[in-house]
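A structural walkthrough
Single-letter residue listing:
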Amino acid sequence: MKKLAIILLVLSIGVLDAISQQAYDIDISGNEGLSRAEEMYRRADYQRLVKKVLQEDELFVLFYIDVALVIDPTLESQVVEPISTDNPWSSLERFLPGKTNIYFCPSGSQLGKAIEYMDCPLDTTILMSDRFGMYRLSSPKELFNNRGDDFKSKKHKAVVFGGLSYDEETEEEPPSLAFRGGRGSLAHYKNLRWTLDEALYIDSLFKKHHIETALLTGPKGTEANFHQIPHQQVDILHVASHGFYEPFSDNQEAQTLPDWMLSHSWLLLSGAEHRHSQKEHNGRLTAYEISKTDLTGVNLVVLSACETGLGDVKDNDVFGLIKGFKKAGAGTLLVSLSAVSDTVTSLLITRFYDNLFRGDNPRRALENAQRYIRLRSHGQFNDPKYWATFVLVDDL
């Protein structure tokens, strides 16, 4: 028996930040189920609220398993549409003509797929992201959080992790973020050579644009230093390292099921291979631990690592690093949906930052960086495994 969880949002625009979710068990095995789903949405004021923020050339799509709620401001009411699991956009082709931007919340089978890069049903020779502005949202309420800042013109403060020493015993010393431009010595690093080059390049780029930056490489890239970020008014966080999603790992500290699921995704920081020591910060930074950190004001988080967009799926939601950072108060995230190449990722991410400082917004900066990778070396890296794994979340 398939079920559809209907999301009802608080009706008052003034309390949108307090949006709650209610699940209704609705049988959608036949047309009657779809009709009941449409009626539930019609009784809610969700459509009215969404239409207030959408332009006529925009579309909002909320996926759930094998159906999608479609809100088109040019239509009288929203539609619940069955979708293909191969390419959900092929099932929504009739809504696409005349649209410029598409805002969507993936769920179920779409959560681990870069559906923004699937073939466009209006022209299968191009991708959806080539034809439309594709905006992936972590939650429907993000549609109302229009940040719309000009990255280049804003004053920033950044923390950059890269070239980390996973196998080095880090010293227990008072944590400190040194915003002085000094790099310090790098004892050694393991495996991910290009994360060091990436971090050094980004640091130099930030310095060139007068961005106060703490560069944390080698033994300095510790979990203790990560937890100092809330006290430093940082608005850009870059982490180039290993990322993992292991659904069967355990966490004795988690008190609830959501917290336990959040512990299945993590980033490796310096000293991680000594995580069985008795230190408070063991170098394995889980989404659960991130969720307990105050990252309010961190507007851009770039996780240049493997599997940073994955997590446990429950109730139409994914519990992973995205959820951890969003619960902590972070804004836009750049994450990956699978394993990534160390070398090519470094090329893509550094190009992403180059594009930001050329005046691109984050979405356009990523698209242009991906295009650069696809064309580089006569198409050597045109395979989607090199570029299509990275997606932006909540870039509004």
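Our subject is the structure that appears above.
Since the model is a prediction, treat every value here as computed from it, not as a measurement. Position labels on residues start from 1 in each chain and follow its written sequence. Local features in this predicted model are restricted to residues of pLDDT 70 or higher, and side-chain atom pairs are both shown and tallied only at a pLDDT of 80 or more, whereas totals for entire chains, interfaces and linings draw on every residue. Note that the side-chain values use all heavy atoms of the structure and ignore hydrogens as well as water.

With respect to the overall build of the chain
Note the following rule: Numbering of helices and strands runs from the N terminus, with a helix taken as a DSSP run of H or I at least four residues long and a strand as a DSSP run of E at least two residues long. When a residue's accessible area, from a 1.4 Å probe over protein chains only, is under 20% of the maximum for its type it is buried; when over 50% it is exposed; and in between it is partly exposed. Contacts are assigned to residue pairs that have any heavy atoms within 4.5 Å of one another. Accessible surface is estimated by sampling points in the Shrake-Rupley manner with a 1.4 Å probe; for residues, cover comes only from the protein chains shown.
Within the chain one finds 12 helices and 18 strands. The burial tally for the chain puts 56% of its 396 residues in the buried class. Sequence-distant contacts, at least 24 apart, represent 71% of the contacts inside the chain between residues at least 6 apart. Working note: accessible area of the chain is about 17500 Å², and carbon and sulfur atoms make up 47% of it.

Topic: the side chain of threonine 286
Tracing the sequence through the fold places threonine 286 in strand β13 (residues 284-286). Owing to a relative accessible area of 6%, threonine 286 belongs among the buried residues under this scheme.

Structural notes on the nonpolar core
Applied cut-off: For this analysis, a nonpolar core means a set of buried residues of the types Ala, Val, Leu, Ile, Met, Phe, Trp, Tyr and Cys, connected via side-chain atoms within 4.5 Å.
With 76 residues, the main nonpolar core has Phe161, Phe206, Phe226, Leu237, Phe325, Phe352 and Tyr353 as its most contacted residues. No other element matches the eight residues that helix α10 (residues 342-357) contributes to this core. Ignoring sequence-local partners within four residues, the contact set of phenylalanine 352 consists of Val302, Leu334, Pro362, Ala365, Leu366 and Ala369. The next biggest cluster of nonpolar side chains, apart from the first, holds 19 residues, and it includes Val70, Val79, Phe104 and Ile115.

A word on unusual backbone geometry
Phi at serine 377 takes a positive value of approximately 50°, unusual for a residue other than glycine. Structurally, the position occupied by serine 377 is in the loop between α11 (362-375) and α12 (384-387). Although it is not a glycine, histidine 378 sits at a positive phi angle of roughly 55°. Tracing the chain through its elements places histidine 378 in the loop between α11 and α12. According to the relative accessible area criterion, histidine 378 is exposed, its value standing at 85%.

Considering the packing of aromatic side chains
Keep this limit in mind: Think of it this way: a Phe, Tyr or Trp ring, Trp meaning its six-membered ring, pairs with another when their centres are within 6.5 Å, and the plane angle makes it stacked under 30 degrees, edge-to-face over 60, tilted otherwise.
The tally for this structure, following the rule as stated, stands at 10 aromatic pairs. Relative to phenylalanine 104, the ring of tryptophan 89 has its centre 5.7 Å away and its plane inclined at 90°; by these criteria the two rings are edge-to-face. Highlighted residues: tryptophan 89 in helix α3 (residues 88-91) and phenylalanine 104 in strand β4 (residues 101-105), separated in sequence by 15 residues. Judged on exposure class, the residue tryptophan 89 and its partner phenylalanine 104 are both buried. When the centroid spacing of 6.0 Å and the interplanar angle of 70° are considered together, the rings of phenylalanine 206 and phenylalanine 357 count as edge-to-face. Here phenylalanine 357 lies in helix α10 and phenylalanine 206 lies in helix α5 (residues 193-208), a separation of 151 residues in the sequence. Residue phenylalanine 206 is classed as buried on the basis of its relative accessible area of 0%.

Focus: the pairing of β4
We count it as follows: A pair of strands is considered paired only if DSSP assigns at least 2 bridges between the two.
Most of β4 sits out of view: five of its five residues are buried. By the alternation rule, side chains of β4 split into Asn101, Tyr103 and Cys105 and Ile102 and Phe104, which are all buried. Examined bridge by bridge, strand β1 (residues 58-64) and β4 share five bridges and lie parallel to one another. When the sheet's bridge partners are listed, leucine 62 is paired in β4 with cysteine 105. One ladder, built from four bridges, connects β4 with strand β7 (residues 133-136); its direction is parallel. Across the sheet, isoleucine 102 pairs through a bridge with methionine 134, a residue of β7.

Regarding the packing of α5 against α10
Formally: For helices, the axis comes from a line fit to the C-alpha atoms of the stretch in contact; other axes are also lines fit to C-alpha atoms, and the angle between any two N-to-C directions lies between 0 and 180 degrees. Here is the rule for angles: anything less than 35 degrees is roughly parallel, anything more than 145 is roughly antiparallel, 65 through 115 is roughly perpendicular, and the remaining ranges are oblique. Following the grouping adopted for this structure description, the nonpolar residues are Ala, Val, Leu, Ile, Met, Phe, Trp, Tyr, Cys and Pro, the charged ones are Asp, Glu, Lys and Arg, and the polar ones are all others, Gly among them.
α10 packs onto α5 with a crossing angle of 10° between their chain directions and a minimal axis gap of 8 Å. One way to sum up the angle between α5 and α10 is to call them roughly parallel. Across the interface between the two elements, Arg193, Trp194, Thr195, Glu198, Tyr201, Ile202, Leu205 and Phe206 of α5 pack against Asp342, Thr343, Thr345, Ser346, Ile349, Thr350, Tyr353, Asp354 and Phe357 of α10. When grouped by side-chain class, the residues that make up the contact of α5 with α10 number eight nonpolar, five polar and four charged.

As for the pattern of salt bridges
The cut-off we apply is this: In the sections that follow, a salt bridge refers to a side-chain nitrogen of Lys or Arg positioned within 4 Å of a carboxyl oxygen of Asp or Glu.
Applying the stated criterion across every chain, the model contains 11 salt bridges. For aspartate 197, the salt bridge goes to arginine 193, with nearest N and O atoms at 3.8 Å. With aspartate 197 and arginine 193 both in helix α5 and four residues apart, this pair spans about one turn of that helix. In this structure, the salt-bridge partner of lysine 326 is aspartate 394, at a minimum N-O distance of 2.9 Å. Linking lysine 326 in helix α9 (residues 321-328) with aspartate 394 in the segment after β18 (390-393), this pair joins segments that are 68 residues apart in sequence. When its relative accessible area of 17% is taken as the criterion, lysine 326 is described as buried. Here the salt bridges share partners, and the residues they tie into one network are Glu142, Lys326 and Asp394.

Describing empty space enclosed by the protein
The criterion, for reference: In the cavity and pocket records, a cavity denotes points on a 1 Å grid over the protein atoms alone where a 1.4 Å probe fits but cannot get out, a pocket denotes an open set with protein on both sides within 12 Å along at least 5 of 7 lines, and lining residues are residues with an atom within 4 Å of a point. Grid points are joined across faces, edges and corners, and a volume is the space filled by probe spheres set on the points.
The tally for this structure, following the rule as stated, stands at four cavities of 30 Å³ or more. Its volume calculated, the largest cavity comes out at about 130 Å³. As for the largest cavity, its lining consists of 13 residues, and the residues nearest its centre are Glu116, Tyr117, Met134, Arg363 and Leu392. The set of elements that each furnish at least two residues to the lining of the largest cavity consists of β7, α11 and β18. Sort the elements by how many residues they give to the lining of the largest cavity and α11 lands first, with four residues. The residue makeup of the lining of the largest cavity, split by class, is six nonpolar, two polar and five charged. Roughly 70 Å³ of volume is contained in the second largest cavity. Taken together, Tyr117, Leu127, Ser129, Asp130, Glu367, Gln370, Arg371, Arg374 and Trp387 form the lining of the second largest cavity.

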